[in-house]
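Residues per chain, in single letters:
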Protein chains: 4
Amino acid sequence: MYMREIELKGHIIDSFILAKVFDKTLELGGDYKVLEFDIGKKKTDTSYAKLLISGDTQEHLDQILESLQNVGANIPEIENANLKKALKDSVLPDGFYSTTNHPTHVKINDEWIEVANPKMDAVIVVYPEEKLAETKVMRKVKAGDYVVVGHNGIRVIPPEKSREAGQLFEFMNSEVSSEKPKEAIIRRIAEEMHEIREEYKKTGKGGIAIVGGPAIIHTGGGGALAKMVELGYIQAILAGNALATHDIESALYGTSLGVDIKTAKPVTGGHKHHIYAINTIIDAGSIKDAVEQGRLKEGIMYQCIQNNVPYVLAGSIRDDGPIPDVITDVMVAQDEMRRSVMDKKMVIMLSTLLHSVATGNLMPSYIKTVCVDIQPSTVTKLMDRGTSQAIGVVTDVGVFLVLLLNELEKLESRK
Amino acid sequence: MYMREIELKGHIIDSFILAKVFDKTLELGGDYKVLEFDIGKKKTDTSYAKLLISGDTQEHLDQILESLQNVGANIPEIENANLKKALKDSVLPDGFYSTTNHPTHVKINDEWIEVANPKMDAVIVVYPEEKLAETKVMRKVKAGDYVVVGHNGIRVIPPEKSREAGQLFEFMNSEVSSEKPKEAIIRRIAEEMHEIREEYKKTGKGGIAIVGGPAIIHTGGGGALAKMVELGYIQAILAGNALATHDIESALYGTSLGVDIKTAKPVTGGHKHHIYAINTIIDAGSIKDAVEQGRLKEGIMYQCIQNNVPYVLAGSIRDDGPIPDVITDVMVAQDEMRRSVMDKKMVIMLSTLLHSVATGNLMPSYIKTVCVDIQPSTVTKLMDRGTSQAIGVVTDVGVFLVLLLNELEKLESRK
Amino acid sequence: MYMREIELKGHIIDSFILAKVFDKTLELGGDYKVLEFDIGKKKTDTSYAKLLISGDTQEHLDQILESLQNVGANIPEIENANLKKALKDSVLPDGFYSTTNHPTHVKINDEWIEVANPKMDAVIVVYPEEKLAETKVMRKVKAGDYVVVGHNGIRVIPPEKSREAGQLFEFMNSEVSSEKPKEAIIRRIAEEMHEIREEYKKTGKGGIAIVGGPAIIHTGGGGALAKMVELGYIQAILAGNALATHDIESALYGTSLGVDIKTAKPVTGGHKHHIYAINTIIDAGSIKDAVEQGRLKEGIMYQCIQNNVPYVLAGSIRDDGPIPDVITDVMVAQDEMRRSVMDKKMVIMLSTLLHSVATGNLMPSYIKTVCVDIQPSTVTKLMDRGTSQAIGVVTDVGVFLVLLLNELEKLESRK
Amino acid sequence: MYMREIELKGHIIDSFILAKVFDKTLELGGDYKVLEFDIGKKKTDTSYAKLLISGDTQEHLDQILESLQNVGANIPEIENANLKKALKDSVLPDGFYSTTNHPTHVKINDEWIEVANPKMDAVIVVYPEEKLAETKVMRKVKAGDYVVVGHNGIRVIPPEKSREAGQLFEFMNSEVSSEKPKEAIIRRIAEEMHEIREEYKKTGKGGIAIVGGPAIIHTGGGGALAKMVELGYIQAILAGNALATHDIESALYGTSLGVDIKTAKPVTGGHKHHIYAINTIIDAGSIKDAVEQGRLKEGIMYQCIQNNVPYVLAGSIRDDGPIPDVITDVMVAQDEMRRSVMDKKMVIMLSTLLHSVATGNLMPSYIKTVCVDIQPSTVTKLMDRGTSQAIGVVTDVGVFLVLLLNELEKLESRK
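Residues numbered from 1 in each chain as written. Chains lettered and ligands numbered in written order. Predicted model: local features only at pLDDT ≥ 70, side-chain atom pairs only at ≥ 80, totals over all residues. Heavy atoms only, no water.

Q: In this structure, what is going on with the confidence of the model for chain A? I would like to understand it.
A: Predicted coordinates in regions of low pLDDT should not be interpreted in detail. Residue and element names in this part refer to chain A. Across chain A, the average pLDDT comes to 87, with 93% of residues at 70 or higher. Here residues 161–168 is modelled with pLDDT under 50, and outside its nearest four sequence neighbours on either side it reaches 22 contacts, counting other chains as well. Note that residues 170–174 has pLDDT below 50 and, in this model, 12 contacts with residues that lie over four places away or in other chains. Overall fold confidence (pTM) sits at 0.83, and the ipTM for the predicted complex is 0.82. (pLDDT = per-residue confidence, 0-100. Contact = heavy atoms within 4.5 Å.)

Q: Would you mind showing me how to read the domain arrangement of chain A here?
A: The domain architecture assigned to chain A consists of domain 1 (1–76), domain 2 (78–158) and domain 3 (182–413). Of note, the centres of domain 1 of chain A and domain 3 of chain A, computed from C-alpha atoms alone, are 42 Å apart. (Domains from an automatic or database assignment.)

Q: I'm lost on the packing of aromatic side chains in this one. Help?
A: Aromatic rings in a pair are described by how distant their centres are and how their planes are angled relative to each other. Tallying each qualifying case throughout the model produces 5 aromatic pairs over all chains. Sitting over the ring of B:Y233, B:R197 keeps its end group 4.4 Å from the ring centre. (Phe/Tyr/Trp six-rings, centres within 6.5 Å; stacked < 30°, edge-to-face > 60°. Lys NZ or Arg CZ within 6 Å of the ring centre and 35° of its normal.)

Q: What am I meant to see in the interface of chain D and chain A here?
A: Interface size is commonly expressed as the accessible surface area that is lost when the partners come together. Contacts between the two partners involve 55 residues from chain D, matched on the other side by 55 residues from chain A. Summed over both sides, the interface between chain D and chain A buries roughly 4,800 Å², with carbon and sulfur atoms accounting for 56% of that surface. One can count 19 residue pairs in polar contact (both at pLDDT 80 or more) joining chain D with chain A. Residue assignment for the side of chain D that touches chain A shows that the elements contributing at least two residues are α2 (58–70), α8 (273–284), α11 (330–341), α12 (353–362) and α13 (376–384) of chain D. At 7 residues, α8(D) tops the list of elements feeding residues into the side of chain D that touches chain A. For the side of chain D that touches chain A, the residue count by class is 23 nonpolar, 19 polar and 13 charged. (Buried area = accessible area lost by both parts, 1.4 Å probe. Polar contact = N/O pair within 3.5 Å; in protein donor to acceptor, adjacent residues only side chain to side chain. Helix = DSSP H or I, 4+ residues; strand = E, 2+ residues; numbered from the N terminus. Nonpolar A, V, L, I, M, F, W, Y, C, P; charged D, E, K, R; others polar.)

Q: I'm lost on the relation of the copies chain D and chain A in this one. Help?
A: Superposition of the two copies of the chain requires a rotation about an axis together with a shift along that axis. Superposing chain D onto chain A takes a rotation of 180 degrees combined with a translation of 0.0 Å along the rotation axis, leaving an RMSD of 0.1 Å. What we have between these two chains is a two-fold relation. Rotation axis and chain D: the residue whose C-alpha lies nearest the axis is D:D329, separated from it by 2.1 Å. Both copies contact each other with a shared surface, as 100% of the interface residues of chain D are interface residues in chain A too. (Least-squares fit on C-alpha atoms with pLDDT ≥ 70 in both.)

Q: Hey, could you run me through the relation of the copies chain D and chain C in this one?
A: The two copies are related by a screw operation: chain D maps onto chain C through 180 degrees of rotation and 0.0 Å of translation along the axis, at an RMSD of 0.1 Å. Of the residues that chain D buries at the interface, 100% are likewise interface residues in chain C, meaning the two copies contact each other through the same surface.

Q: I would appreciate a short explanation of the sheet that holds strand β2 (residues 31–38) of chain A in the present structure.
A: Two strands in a sheet stick together by hydrogen bonds in their backbones, pointing the same way (parallel) or opposite ways (antiparallel). All names here are of chain A. Read across the sheet, 3 strands follow the order β1-β3-β2 without closing on themselves; strand pairing throughout is antiparallel. The sheet terminates laterally at β1 (2–10) and β2, the two strands that pair on one side only. Direction aside, neighbouring strands of the sheet carry axes that sit 20 degrees apart on average. Relative to strand β3 (residues 47–55), β2 runs antiparallel, the two being bridged by 7 bridges. (Pairing = 2+ DSSP bridges. Axes fitted to C-alpha atoms, helices over the stretch in contact; angles between N-to-C directions.)

Q: Looking at this structure, I do not really get the interface of chain D and chain C. What am I missing?
A: Each partner contributes residues to the interface: chain D has 31 residues there, and chain C has 31 residues. Summing the contributions of chain D and of chain C, the shared interface buries around 2,500 Å²; its carbon and sulfur component is 64%. Between D:D396 and C:K182 there is a salt bridge; the shortest N-O distance is 2.7 Å. Counting across the interface, chain D meets chain C through 10 residue pairs in polar contact (both at pLDDT 80 or more). Counting only elements with at least two residues in the side of chain D that touches chain C, the list comes to α4 (182–203), α5 (215–218), β14 (259–260) and α14 (397–414) of chain D. Per-element accounting of the side of chain D that touches chain C gives the leading share, 7 residues, to α4(D). (Salt bridge = Lys/Arg side-chain N within 4 Å of Asp/Glu carboxyl O.)

Q: How should I be thinking about unusual backbone geometry in this particular structure?
A: For the peptide bond that leads from A:G321 to A:P322, omega is -5 degrees, which places it in the cis range. Within the element layout of this structure, A:P322 appears in the loop between β15 (311–314) and α11 (330–341). Residue A:L257 is not a glycine yet carries a positive backbone phi of 50 degrees. On the secondary structure map, A:L257 appears in the loop between β13 (255–256) and β14 (259–260). Judged by its relative accessible area of 39%, A:L257 falls in the partly exposed class. Of note in the backbone geometry, C:N308 takes a positive phi value of approximately 55 degrees without being a glycine. Mapped onto the secondary structure, C:N308 falls in the loop between α10 (300–306) and β15 (311–314). (Buried < 20%, exposed > 50% of the residue type's maximum accessible area, 1.4 Å probe, protein only.)

Q: I'm lost on the packing of helix α1 (residues 17–27) of chain B against helix α2 (residues 58–70) of chain B in this one. Help?
A: Two numbers describe a pair of packed helices, the interaxial angle and the distance between the axes. Residues and elements named next belong to chain B. In contact at an axis separation of 10 Å, α1 and α2 are set at 155 degrees when each is read in the N-to-C sense. Accordingly, the angle class assigned to the pair α1 and α2 is roughly antiparallel. Relative to α2, α1 is oriented so that their crossing is right-handed. On the side of α1, the interface is formed by V21, K24 and T25, while α2 contributes I64, S67 and L68. Of the residues in the contact of α1 with α2, the class split is 3 nonpolar, 2 polar and 1 charged. (Parallel < 35°, antiparallel > 145°, perpendicular 65-115°, else oblique. Left-handed = near helix turned anticlockwise from the far one by under 90°.)

Q: What is the right way to look at the sheet that holds strand β15 (residues 311–314) of chain D in this model?
A: All names here are of chain D. Within the open sheet, the 6 strands sit side by side as β15-β12-β11-β16-β17-β18. Their pairing is parallel. Looking along the sheet, the strands with just one partner apiece sit at the ends: β15 and β18 (391–394). Within this sheet the neighbouring strands show an average axis-to-axis angle of 15 degrees, counted without direction. Here strand β16 (residues 346–350) runs beside strand β17 (residues 368–373); their pairing, made up of 5 bridges, is parallel. What sits directly across from M346, in β17, is K368.

Q: Whenever I open this one, the pattern of salt bridges confuses me. Can you help?
A: Proximity of charged atoms lets side chains of opposite charge pair with each other. One pass over the full model with this rule turns up 73 salt bridges over all chains. Salt-bridge contacts for A:E230 lead to A:K227; the nearest nitrogen and oxygen are separated by 3.7 Å. Pair noted here: A:E230 and A:K227 are both in helix α6 (residues 222–230), with a separation of 3 residues, about one helical turn. Taken together, the shared-partner salt bridges connect D:R197, D:E198, D:K201 and D:E412 into one network.

Dropping the structure here:
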């Protein structure tokens, strides 16, 4: 029987932390005893619990403790984190600690250091001299890097459920269903976006990133999104060749996949338009060049260029062309995506499973995340893959964007 | 080898009739020989073909011929239809002819008689004295009825593809996909509805029936639909206990399934509201009574009462209550549904697989049919079950109705 | 400020009851204070909490308390339940208590009485003289019945999460996803079914009910299900006209919806087979008559007749025919469905949203419930509508049944 | 009025070619007149039609003619194809011809040359000296290449519908529905696979490529697929990092995504297994190295190495790691995918929208294509994007593979 005391603090009951600790321990075949328990008497009080956790072997106990850390338990009289040097580039030492996407601290030389840039499924690399720590994805680990192994000296802080009412991210639970009053939900998202934009205007910080797929254009939502870029609501766009191509197709020819956006009728020779659009940009040199040469005069990409909104176009094996702006090496693309999303306040994912899951993997859980898709399975998969903070809105992205712009414009005119 | 000549006339090439005849014949193991062929030289010309169809046995040939009739082939030197008396109520004679939902004629005493009230999967009952024929569902057949058996003397007229451009029902093909420009599609539907309403105002004929499920209310589309009733766009509503209940819940409490329609927040005790709504109506006596007693003051059902728009509420085993207006015997409900839909010009099916398929089964193929659902499978199933004339719009019904009302109001104000 | 003490007992932490009580209270705008708290020290110990709940008005407090009862809170020094007479048939007194599907007790004359036949969205009718109480659906309430109003004197016992590992209903969480190892899950269901059958054989109690849709037959799973009936695994079948019709179609013609089950090829004239099948049964008189006349010789319905397995065929507005065994009044059908499912140990719902939700509405939460459907939305909707105990298996019902029978036969031969 | 004669030959009626020509012409606002028509008298006869097509302008007519070519029309007294030199790398001359995925010929110096390696959305590059032509994707076009422009001198041969019965690819139509008899369909696929393998064994030509996603492993189908590789049924695998990673995870730890494949239970620390699996392969050097070092001993990838079955692992922005075998540049990956699929007889796509559409884009329409997915939308999208030859099987991939292996083993043992 191997044992270890752990401590839990905060709103551990209504954040389900205590329940999860009990649950996880029993699920993993361990046991617990409550040593101390001090329940918060009022809603503003925090609670405290000291528990004794036991496992069959040291390894078993370690596994349990690691799981408990990931649901928010802390281990008192914490030892320093154990570090091991990576011996080869990209190869991790045995027993490395694999991160969550929650804010994390690591104890080095008896000091707690915050781990920079949380993301899931990465490792923690520590620079003891500089008292710094950061997450690194596997392939970025270099021989000689100090990697955290085991579970000692790690503290994970999952988002506590806020007790303030009224905000989008509190009122909506994560139940994924299309059967919700959509106008009301869209209004709440608009209010949240408006607030973030106002703050961004004042401070130059935060802002909103869009992660989008080509269905935005096919369903007729491109115009609304372009307008939002123009109005300053969007600070970054993460997408692929398809979104840019069909946006440009619709700017040049009025069609998307050969269907006229204004009439919903297929157009003569329209199936070639997206290929022609790509050819135009290749000929121009880049999207920016096409704008500057006066060849591209409207649409989402045009507004990005005009308003200095950065975009990352990540390549995929489905791409025709691609447009020269597309980053064809997916690892390079991941790095760029991460850079452009890390400092945002909100990420809105629009009708793209691939880019949504990819972005969710790259970013910390404290960024507000909305996922809009007509298929509930997209939202479910995103959350299954670890982006559990996402709020799902199961609706048609084309009409969603039209109504969202309506609401934003009402907020604009109100002032 | 058993053979028979058949004739094909009309736009048999671009309506695929000729191809289907060839196809069906070979698929069923038969063979064909072209005896005469006169192709329409210009787009306004019709074509003519005389074919010799052969099968292994008389029965085999009959099976083939019956299939060919259903895709539009005619059999020249047509014999009269064969009639057999039903010996028991609801029991059909062997070899009875099972109908399509297309307009159909039957040859009786060397005269072609139009079969009244086409619907699929029914039988044709003939009244030779009166020179009348009608479809009857199985359970309505009485002992002594003359039922058509075999395939002789029957002519089916499937809808020919119109060559006029510009109308909703021509420009949209039946491809079921969410990735279409929705604003444009909604505008077309609005124009079609407007035209039908204008005609209805003038002639009192035609009109539009709604077939709807409770997701209309849950997704926040109830207000828009109520307004359409008020504006005279709707001439009948076919629904169930759930649509009426949640509509009345939202009128009485502002919620649907306990969620506030205006804020999208769940409401204290809201899960009881729909039960309370039902109780209110039971206590009042009926929906009409509740309106007259001043207890029900808004919503879809209220507008139906105020504007004399008839509704059929068909019962289902899922029903709570139900509201007294609900017809709990499903066979009685079918009869009422059929009565209220037969003379309409257009049927719009909104987020209900059960009622949509049921209505599709009851009505002729010449009524324009739009099916709106967030699940493509609903549209696919509707068409698989024989309602092949339906146009599918894969979108979120709540936002669809809000945008559809916008478009209708634009058309109103334009005048 | 209105206040009331409540008590919580049992595994209130790892069953999330305490967290839900805190959560619900704050969500509804109330407040709480912890008066006493005694945490279970070991995994076998239960915990105890005494809380003071406050609300703005008596009504507000009552609403909160009612919500807390439904998540498992008890109110100590409990007053007797309040009863009010129903004044009219089917009309409930104001403020009636609407039930959950969990086991419930009601305090009458200082005595706790168990409420018979729990189901959701019903009311509790009390017979004080006989010391009895039962749930009644609205339409069954008679003038003069004593109906429970308000929240006093009611105790609800939601299923506590078991701490024993290894059983199907513990190991699977309710996450609805198709991406799970299906062979393993099917094996677990087979083991559970086997155990239930063995117990049923010995005691004649419990057993398994199937709730099924016609996709069972279309996807080629009919043979496997018929075999399970024959092997004694099924004690009741709840379905509609369509399942019976296509089962009989496949027995008579080898097709389902006109497609040959053995070859997957469409069959000449096959679209008429289901109508012919219905006609055969109408002519025979009933399914039983058809079996006895030697006209129906295989399939699910045949096995039901041969093995005295009762079935309920509930009518719907989609029905062709229907077969004489179908109950066309949906309220009568509900009563029969409830009767046949109440004493079962397990309910397996196969590819039917309508019948699954209807059955879920009728039955208590302590019956083990498995829902198999290729559409995750069916499972989600079932759980959204209150049948939260259901375990979802997102898979193809045809192949599911084939593999399930394989596993059952392995268990048979093992002995 | 601009006019041009065209010719149609072959089974132009039951392959719908004639109907499509009429249809397309009218849809694009043109007109037609039938000059000659000779219908095939018997099912083995081909038909012939000479039509006069007219348009408003030369450009309009050209657009119509191009559309007609793509549905199979030929233009008699054909002029040579027009060629234009590309002036810059990757930039196409105006009016370039965009290819279909059907076999295509191009007329150069009065000679018809077959275009090598058909794929959709590419251009035709001609080498007049060598009398050769090939498709090239945009980015591969070099300055100086002769690119076909306009529609002259091009002949497209869409697959004619075979009149032989009994084969998988004839009996199944393209209707996408889950409601089909799955065992029968699986048996047909098995027979087709068996035949292809026998031919491959004899000739070393043809064979089957798998395009697969990680759901194969999550749903428990990995073992069955590995066995098929071992039995010689698979000649190439196209997948991504995820399939390889989870296959290796299941080989090393018995889990997929941390869930035990054999018991369906989540495993302690299982969420780290896929990361550990990647680390193992990075440490080994490659999958092959891991096999040779004895670290990887079972599974799909192991069987590929053991049986010399080539695989292409294409990178995506979702990838963790990735495994060193993954090609991170998507354009390089496309080239490899194309190389490995071009000579195959059949491609089976299993639960991956991304890789399926990508592969469909790369390959000619004459390769038999089966797409298995639990979501009908995957099949629909694949076909919408041009891979119209695909046969869709809407089912659960895990159980599909288990049953498919059963059928293949029956065929093995039969001999």
